[in-house]
Protein chains: 4
Amino acid sequence: MKNTFGTSVAVTLFGESHGAAVGAVLDGMAPGVAVDEDFIARQLTLRRPYGAISTGRVEADRFQIVSGVFSGCTTGTPLTVLIPNEDTRSRDYAATRALARPGHADYTAHVKYRGFEDYRGGGHFSGRVTAALVAVGAVAIAALRGRGIAVGTHIARCAGEFDRAFAENPADELAALSAKRFAVLDEAAGERMRRAIAAAAEAGDSVGGVLETAVTGLPAGVGEPWFDTLEGLLAHGLFSIPGVKGVDFGGAFDHTALRGSEYNDAFYMDGGAVRTRTNRNGGINGGISNGMPLLLRCAVKPTPSIFLQQQTVDFLRGEDAALQLNGRHDPAILHRARVVVDSVCALTLCDALAQRFGTDWLGGAPCAAD
Amino acid sequence: MKNTFGTSVAVTLFGESHGAAVGAVLDGMAPGVAVDEDFIARQLTLRRPYGAISTGRVEADRFQIVSGVFSGCTTGTPLTVLIPNEDTRSRDYAATRALARPGHADYTAHVKYRGFEDYRGGGHFSGRVTAALVAVGAVAIAALRGRGIAVGTHIARCAGEFDRAFAENPADELAALSAKRFAVLDEAAGERMRRAIAAAAEAGDSVGGVLETAVTGLPAGVGEPWFDTLEGLLAHGLFSIPGVKGVDFGGAFDHTALRGSEYNDAFYMDGGAVRTRTNRNGGINGGISNGMPLLLRCAVKPTPSIFLQQQTVDFLRGEDAALQLNGRHDPAILHRARVVVDSVCALTLCDALAQRFGTDWLGGAPCAAD
Amino acid sequence: MKNTFGTSVAVTLFGESHGAAVGAVLDGMAPGVAVDEDFIARQLTLRRPYGAISTGRVEADRFQIVSGVFSGCTTGTPLTVLIPNEDTRSRDYAATRALARPGHADYTAHVKYRGFEDYRGGGHFSGRVTAALVAVGAVAIAALRGRGIAVGTHIARCAGEFDRAFAENPADELAALSAKRFAVLDEAAGERMRRAIAAAAEAGDSVGGVLETAVTGLPAGVGEPWFDTLEGLLAHGLFSIPGVKGVDFGGAFDHTALRGSEYNDAFYMDGGAVRTRTNRNGGINGGISNGMPLLLRCAVKPTPSIFLQQQTVDFLRGEDAALQLNGRHDPAILHRARVVVDSVCALTLCDALAQRFGTDWLGGAPCAAD
Amino acid sequence: MKNTFGTSVAVTLFGESHGAAVGAVLDGMAPGVAVDEDFIARQLTLRRPYGAISTGRVEADRFQIVSGVFSGCTTGTPLTVLIPNEDTRSRDYAATRALARPGHADYTAHVKYRGFEDYRGGGHFSGRVTAALVAVGAVAIAALRGRGIAVGTHIARCAGEFDRAFAENPADELAALSAKRFAVLDEAAGERMRRAIAAAAEAGDSVGGVLETAVTGLPAGVGEPWFDTLEGLLAHGLFSIPGVKGVDFGGAFDHTALRGSEYNDAFYMDGGAVRTRTNRNGGINGGISNGMPLLLRCAVKPTPSIFLQQQTVDFLRGEDAALQLNGRHDPAILHRARVVVDSVCALTLCDALAQRFGTDWLGGAPCAAD
């Protein structure tokens, strides 16, 4: 399905970095979800470059809702967001188009699209396309909120610096994170991270890290035993985010030396509710939500655009070449990517919930339609 | 799509641990792939319990190809494999059905299927269903082989013990692995792992670890930029394997502290071919294969079935309870799971290749049909 | 998706006429639907050859439910039905494999599957595969019945003879049809049809006709405005039935000379319910059910297997040839196909309903599971 | 999948009659197909109201290609077309929103979307959305042309008047049709049809009819035996076109009284090619193309918007009501719908061909990209 993702609630992405616009179509969202343009704008702000640690490209991200909203609510028919490209500095991309930037998709795009790819600024591979994901993700986040489900992400690791872990019940932390531009639980750790990013930037280099996401309020019984496991669905979407090269649940890659007696999450009754004492399984057993907070992490590689000279090839000439990037590039994208992660998680969970409970369930919150 | 996975080449899984059979339908495979029943049987052997470190349950895994093979080759129509359940010890599962085994899907299955689930031996959630995946995966592996593409997996970590990493060109190592029942590159490491497994078993406990997979010979240009990235497709499938709770590419979770200059894979010309000096991106740029070996890892949690007493709930009575498992359980499944990982990778790649190059491409190798 | 159809409730078909078995996997059906093996057997009987007007091949259609049923109810996991092939007379199909039977798929199968197709008795193209559709369709019909939804089909035309049309409210007629082997509303018309079939058979020839289907009790609001219209979904499935070459709704092909004032169905209130005076739109407006009976027709071509000599080609030698069929062939399949039509309609509607109302909706009727 | 259709080549539709725009995303089209904006504009002209027999609404259909085209060719990434709504007369739709227009989707939309639907001018159900289908369909038609495949449709019946049938080899006729605004093979028949339309218009009424489509140059071996039959795929898409209530192949609904000996298409060798003497099967055997022209028909109901007073309900008040439409409405849409039919056929066939032969096949014609 290429650029469409989802079964009952589906997103289709389009656009190139230096074309007319990027955009997304959100199809299958329940009718009656209130669409708050201010909230969408705020989410887009969280994705935008920020201060000294980001690219200088200024993107206003003026978005237009082209379809699917009427009287302030989703109609249930396709909701299309268009984000025109404004600050696209025209320079001669043709001259360097065949110099494959290491860590980027220039070469693979060329092989796949046989030379017809729009190579300007990464074209359709550009991180800019994630702005559209964030815009429709904001609608999904609002729909989940109407059902008491919250999603939030913090920078768990950056350039070797660690944030503290989520609390056992992260609901309050998620609320706090939603307002932060540099999303950490421990501000001191955040300060160390920003310094490390600045140091890398000064060296013409870049950093990566780990994002950790929590989802609270998700009902038990969502997901499938084979293939459409919650883990599989979420990972499928998350690996679309540029730079994400690993996804785990409950911090699995850190716990591979534990024994079963340490890893198993003991169940207990908490009032009438079934809960677990620990949450190493990240809220998912057998591919299906168990009612505990969903916990996942994304390993984000260092931004591939760096200002140090790199060895590469000219793939049209078939010869080795040196590459020196100029322009505007992020020394880190973790702090910008986290709202993309939230968006992908929200969209994926809306889909799983709509499959489970039908297309009206997420529209349960009454909207002020006349 | 629940129990069906894939677009052009798709697998459908069915069956329960204590039902009549488990099985799989492989649809969309190219016509003309030779089907070698001995190879299928050998792959099934690799998944079966092995020696002192596995469950005592003896499964002959006699399989029957019910459709889709004619004169020794795939016909191109659905290939169905049936594996009857033979050694299903009848005991009274009803008495303990509501005692949710920690780390298992008993509770989530109950919520999802509203009490109608087949709870005997894990039902449809049983790892036994992976036998069917391995059987049809063997056909996919053979199809890839016909195109010079090899898949192999070793136990990179087990119970805190480490195997060595794949060589830069792992082709020979993959060939060697295919014959090993306990798939390690370094036999001494394997011996330490087996001792660690045995120690855990003696303590009534279990262990987990990390599986690392390499794919060689994959052409560049396969995969999609958004959503159907190679990473996303592979992870989607891999998270179906019971116990897999994390997937990364190029060892991403181990490299999050690197800088871009260390992480980027420099391109160079090698004869007429574009290659990279390192392979931290695991053979994938922008979701699309770049012609280098594909490298991925699965974090596998410790087997949840242990013989130590555990705290849990009786979810029908809604009260806390203690759980003491008996019977046959694996102290580790890494060595059995690796052939499942190979199978899922092979099936997923066949799908991506058939989408890219059409439905005949994988049947290129002439079959001895009359 | 080839041999899998459906989104939330999906069917996968497999098997060949002269292989080990034909079968189907029904995935996504709600848990808790009572599975009555006698009803499945009865439905299979309706598909079987019948009296003088059918092929002499006797198929016992002994089916086995391999997975997905526990304690007499659907579990919600894949329900697999296997129907072993028993009466497969062995003769030398290889000698005549390249003589393309007119109206059959021999030649197109050969082009598509490049010579690897199982050519014996039509292979995977055989109408025998519909036995598996009928078996899982019976489960879908039972699920719908639990929600007060009934499906039924009569032979509206056969060999130029006409049955009368459905009554405005066809509920009673549907009940009566379900017990008939030769499904007509007017027995005198049925007698004329059977005589016409017998006359064609005597001439070594075959006949076709039109099947008309009604669905009562379907709630309004099911289906989608674009692409997944109820008409589109149903037609997609129905064209799989061998011989179906046309599908219309509300008898559209007979009404193309009407004016809008004659065709439009006037709405009126009937108690609290919205209904229409006529039903030329077949219960569907804008792709979505309107609460009136759903009405559709399938044009079924004459059975292509006839005993008159035919001109054809030997596609391996690339030369013209004459073809004289022997063996067992139906002079008409309308009376056998109608239960296949019912099955496809039921499966398709279960899918649309599960997408609309969630995966539990069809399991609403309590099952006698403990 | 709701508003997305296709597997390898897929279309996503969005927009409402009185919203900002309608549009479509075409994903998966081969890179390197030349995109001729003049041709797109010409196709849109064919869909626009025409002379005395159409609605007075003037739609300039100024379209904008927002993504997916670079240097005049498709890039292989999503191609998005946006058609802003210009001539949307603002009137008070709210007052009459609950008066269900017979034959329209007002009532079913209300039930499905629970009152949140955009009810102005039919909203997302408006035929105006087909303008977007035609725009991306033009790209598909161009892609097919690059492979020697032509698609064309004529008005076979209108208001009881008949056009003559396609010639055995309709290639020349297709070329002639592409330039006609009122697409008939026999101009005298066309004149009778236009008179009949005018007569109905004068009476405040409307007419319907039958469109017949031919596709030449389609290679044999495309389509699937079950579910994704060519017939099923095409019908699935075609039933999305507002007013289409029936689809058949080879004129099946007219031939149900024939015997098999009359209906079967005899094969013969024509040079090296396998052909059939007649083409009652419409170029498809067993769901798969046989190399003959594909022939299909769409039954189109009379336009439901008429100026005669009609009986209906006010579905918010739950009471009977009378309805008198004003404004601009087509007395016939056959002549406008035919280019929509061509577009849906082209898009569906591109998908089937890309699945069969891979994603590059349709881009075979070299594009003038630098």
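Preceding this paragraph is the structure being described.
Notes on the structure in this doc start here. These numbers come from a predicted model, not from an experiment.

Criteria and thresholds
- Residues numbered from 1 in each chain as written.
- Chains lettered and ligands numbered in written order.
- Predicted model: local features only at pLDDT ≥ 70, side-chain atom pairs only at ≥ 80, totals over all residues.
- Heavy atoms only, no water.
- Pairing = 2+ DSSP bridges.
- Helix = DSSP H or I, 4+ residues; strand = E, 2+ residues; numbered from the N terminus.
- Phe/Tyr/Trp six-rings, centres within 6.5 Å; stacked < 30°, edge-to-face > 60°.
- Buried < 20%, exposed > 50% of the residue type's maximum accessible area, 1.4 Å probe, protein only.
- Lys NZ or Arg CZ within 6 Å of the ring centre and 35° of its normal.
- Polar contact = N/O pair within 3.5 Å; in protein donor to acceptor, adjacent residues only side chain to side chain.
- Least-squares fit on C-alpha atoms with pLDDT ≥ 70 in both.
- Contact = heavy atoms within 4.5 Å.
- Buried area = accessible area lost by both parts, 1.4 Å probe.
- Salt bridge = Lys/Arg side-chain N within 4 Å of Asp/Glu carboxyl O.
- Nonpolar A, V, L, I, M, F, W, Y, C, P; charged D, E, K, R; others polar.
- Axes fitted to C-alpha atoms, helices over the stretch in contact; angles between N-to-C directions.
- Parallel < 35°, antiparallel > 145°, perpendicular 65-115°, else oblique.
- Left-handed = near helix turned anticlockwise from the far one by under 90°.

So, about the sheet that holds strand E7 (residues 79-84) of chain D. Residues and elements named next belong to chain D. With respect to topology, 5 strands assemble into an open sheet ordered E1-E2-E3-E7-E4, the strand pairing being antiparallel. Each having just a single partner strand, strand E1 (4-5) and strand E4 (64-67) make up the two edges of the open sheet. Where E4 and E7 come together, 3 bridges link them in antiparallel fashion. Looking across to E7, one finds that isoleucine 65 is bridged to valine 81.

Tallied over the entire structure, the rule returns 30 aromatic pairs over all chains. A ring pair is formed by phenylalanine 5 of chain C and phenylalanine 227 of chain D, whose centres lie 5.2 Å apart and whose planes are at 15 degrees; its orientation type is stacked. Of this pair, phenylalanine 5 of chain C sits in strand E1 (residues 4-5) while phenylalanine 227 of chain D sits in the loop between strand E10 (209-216) and helix H7 (230-238), each in a different chain. In this pair, the class of phenylalanine 5 of chain C matches that of phenylalanine 227 of chain D, namely buried. An aromatic cluster is defined as three or more aromatic residues linked by ring pairs; in this entry it consists of Tyr107 and Phe315 of chain A together with Phe267 of chain B. When the ring centre of tyrosine 268 of chain B is taken as origin, the NZ or CZ atom of arginine 277 of chain B, which lies over that ring, is 3.8 Å away. Note that arginine 147 of chain D overlies the ring of tryptophan 361 of chain D, its terminal NZ or CZ placed 4.0 Å from the centroid.

A separate point is the environment of aspartate 270 of chain D. Along the polypeptide, aspartate 270 of chain D turns up in strand E12 (residues 267-270). Reaching out from aspartate 270 of chain D, the side chain makes a polar contact with the side chain of arginine 275 of chain D at a distance of 3.4 Å.

Time to look at the relation of the copies chain A and chain B. Superposing the two chain copies requires a rotation about an axis and a translation along that axis. For the pair chain A and chain B, the best superposition has an RMSD of 0.0 Å and corresponds to a rotation of 180 degrees with a translation of 0.0 Å parallel to the axis. The symmetry that links the two subunits is that of a two-fold axis. Here 100% of the interface residues in chain A have copies in chain B that are interface residues too; the copies meet face to matching face.

All names here are of chain B. Strand order in the open sheet made by the 5 strands is E1-E2-E3-E7-E4, with antiparallel pairing throughout. Two strands lie at the open edges of the sheet, namely strand E1 (4-5) and strand E4 (64-67), each paired on one side alone. Both strand E3 (residues 21-27) and strand E7 (residues 79-84) contribute to a ladder of 6 bridges, which runs antiparallel. Across the sheet, residue leucine 26 finds its bridge partner in E7, namely leucine 79.

Overlay of chain C on chain D (RMSD 0.0 Å): rotation 180 degrees, translation along the axis 0.0 Å. Looking at chain C, 100% of its interface residues are interface residues in chain D too, so the copies touch through the same face.

This paragraph deals with the interface of chain C and chain D. Taken residue by residue, the interface counts 99 residues in chain C and 99 residues in chain D. Summing the contributions of chain C and of chain D, the shared interface buries around 8,200 Å²; its carbon and sulfur component is 62%. At the boundary of chain C with chain D, the tally comes to 6 salt bridges. A salt bridge links glutamate 224 of chain D to lysine 2 of chain C, with the nearest nitrogen and oxygen atoms 3.8 Å apart. The interface formed by chain C and chain D contains 43 residue pairs in polar contact (both at pLDDT 80 or more). Considered class by class, the residues forming the side of chain C that touches chain D number 48 nonpolar, 34 polar and 17 charged. The sheet contact formed by strand E11 (residues 244-249) of chain C and strand E11 (residues 244-249) of chain D spans 3 bridges and is antiparallel.

Taking burial as the measure, the 8 residues of helix H3 (residues 106-113) of chain B include 7 buried ones, the bulk of the element. If you check which residues of H3 of chain B are buried, you get Asp106, Tyr107, Thr108, Ala109, His110, Lys112 and Tyr113 of chain B. Contacts made by the buried residues of H3 of chain B are with strand E12 (267-270), strand E13 (273-276), strand E14 (284-285), strand E15 (288-289) and helix H9 (334-357) of chain A. Positive backbone phi, at 60 degrees, marks arginine 114 of chain B, one or two positions downstream of H3 of chain B.

Residue and element names in this part refer to chain B. With respect to burial, strand E17 (residues 310-314) is a largely interior element, 4 of its 5 residues being buried. Bridge count for E17 against strand E18 (residues 319-323) is 5 bridges, and the pairing is antiparallel. Bridge assignment links threonine 312 to a residue of E18, and that residue is alanine 321. The antiparallel pairing of E17 with E18 creates a hairpin that spans 4 residues between the two strands, and glycine 318 there sits at a positive phi of about 70 degrees.

Counted according to the given criterion, the structure contains 73 salt bridges over all chains. Between aspartate 106 of chain B and arginine 101 of chain B there is a salt bridge, and its shortest N-O distance comes to 2.8 Å. With its nearest N and O atoms 3.3 Å apart, the salt bridge here joins arginine 62 of chain D to glutamate 86 of chain D. Taken together, the residues arginine 62 of chain D in the loop between helix H1 (37-47) and E4 and glutamate 86 of chain D in the loop between E7 and helix H2 (93-96) connect sequence positions 24 residues apart.

Turning to the interface of chain A and chain B, a few remarks are in order. Between chain A and chain B, the residue contacts involve 99 residues of the former and 99 residues of the latter. Summed over both partners, the interface of chain A with chain B comes to about 8,200 Å²; 62% of that surface belongs to carbon and sulfur atoms. The interface formed by chain A and chain B includes 6 salt bridges. Run the count over chain A and chain B and you get 42 residue pairs in polar contact (both at pLDDT 80 or more). Here the side of chain A that touches chain B is built from residues that sort into 48 nonpolar, 34 polar and 17 charged.

A few words on the packing of helix H1 (residues 37-47) of chain C against helix H9 (residues 334-357) of chain C. The axes of two packed helices give the description: the angle between them and the distance between them. All names here are of chain C. At a closest axis distance of 7 Å, the pairing of H1 and H9 adopts a crossing angle of 145 degrees. Note on element contacts: H9 touches H1 through His335, Arg336, Arg338, Val339 and Val340, opposite Gln43, Leu46 and Arg47. Each residue belonging to the contact of H1 with H9 can be placed in one class, and the counts come to 3 nonpolar, 2 polar and 3 charged.

Here we take up the side chain of aspartate 118 of chain B. When you line up the elements, aspartate 118 of chain B lands in the loop between H3 and helix H4 (129-145). Under the relative-accessibility criterion, aspartate 118 of chain B is labelled buried at 7%. A polar side-chain atom of aspartate 118 of chain B sits 2.9 Å from a polar atom in the side chain of arginine 120 of chain B. Setting aside residues up to four positions removed in sequence, aspartate 118 of chain B forms contacts with Glu16 and Gly123 of chain B together with Phe70 and Thr75 of chain C.

Now for the packing of H1 of chain D against helix H4 (residues 129-145) of chain D. Residues and elements named next belong to chain D. It is at 9 Å that the axes of H1 and H4 come closest, and there the two elements cross at 130 degrees. Relative to H4, the element H1 is oriented oblique. Judged by the sense of rotation from one axis to the other, the crossing of H1 with H4 is right-handed. Between H1 and H4, the contacting residues are Phe39, Ile40, Gln43, Leu44 and Arg47 on the first element and Thr130, Ala131, Val134, Ala135, Ala138, Val139, Ile141 and Arg145 on the second. Of the residues contributing to the contact of H1 with H4, the split by class is 9 nonpolar, 2 polar and 2 charged.

Another point: unusual backbone geometry. Even without being glycine, alanine 159 of chain A reaches a positive phi, approximately 50 degrees. Tracing the backbone shows alanine 159 of chain A in the loop between strand E8 (150-158) and strand E9 (161-162).

Relative to the assigned elements, threonine 312 of chain C resides in strand E17 (residues 310-314). Separated by 212 residues in sequence, threonine 312 of chain C and alanine 100 of chain C place their C-alpha atoms 6.3 Å apart. When neighbours within four sequence positions are excluded, threonine 312 of chain C is seen to be in contact with Ala100, Pro102, Glu319, Asp320, Ala321 and Leu323 of chain C together with Phe267 of chain D.

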